[in-house]
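For reference, the chains in residue letters:
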Amino acid sequence: MLLKDTQADTVIADKAYDAQARLIEPLVQAGKVVVIPPISSRRHQRSYDRQLYQARHLIENFFARLKQYRAIATRYDKTACNFLGAIHLAAAVVWLN
């Protein structure tokens with residue numbers, strides 16, 4: 001599994017990644033903090049950091065709004081410098097709205 005080898009101390013994911021044996025246990029054994037809300041059909045509901053999960057959701061929404069700009073979503077710019085400039089411009093427009 002690739003996630004347990006990451007350098008991050010915390011792994012934040014959505015409910016789709018709530019797999020105890022395949023994902024959560026190897027991450028905990030690797031010393032990582034897991035912030036994954038449990039699915040509602042789980043017998044034993046696991047606790048998680050709700051505020052950290054809400055921050056993840058805000059960041060995900062920001063990237064969804066950023067992808068609404070066609071040049072960003074399709075990456076029309078040829079150079080990395082021009083692409084980064086377009087991201088800065090679109091991020092500023094999203095932030096001001």
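Above this text is the structure in question.
All of the points below concern the structure found in this document.

Parameters and conventions
- Residues numbered from 1 in each chain as written.
- Predicted model: local features only at pLDDT ≥ 70, side-chain atom pairs only at ≥ 80, totals over all residues.
- Heavy atoms only, no water.
- Patch = residues over 30% accessible without salt bridge, like charges linked within 9 Å, V, L, I, M, F, W, Y side chains within 5 Å.
- Areas by Shrake-Rupley, 256 points an atom, 1.4 Å probe, with all protein chains shown as cover.
- Salt bridge = Lys/Arg side-chain N within 4 Å of Asp/Glu carboxyl O.
- Helix = DSSP H or I, 4+ residues; strand = E, 2+ residues; numbered from the N terminus.
- Buried < 20%, exposed > 50% of the residue type's maximum accessible area, 1.4 Å probe, protein only.
- Phe/Tyr/Trp six-rings, centres within 6.5 Å; stacked < 30°, edge-to-face > 60°.
- Lys NZ or Arg CZ within 6 Å of the ring centre and 35° of its normal.

**Remarks on a nonpolar patch on the surface**
Nonpolar side chains collect at one region of the surface, where Ile59, Phe62 and Phe63 lie side by side and expose about 270 Å² of accessible area between them. Note on placement: Phe63 falls in helix α2 (residues 50-66). The class of Phe63 is partly exposed, set by a relative accessible area of 42%.

**Describing the packing of aromatic side chains**
Under the defined criterion, the tally for this structure stands at 2 aromatic pairs. Judged by centre distance (5.7 Å) and plane angle (70 degrees), the ring pair of Phe62 and Phe63 falls under edge-to-face. Of the residues examined, Phe62 reaches a relative accessible area of 30% and is grouped as partly exposed. In this arrangement the basic side chain of Arg75 is found over the ring face of Phe83, its NZ or CZ atom lying 4.4 Å from the centre.

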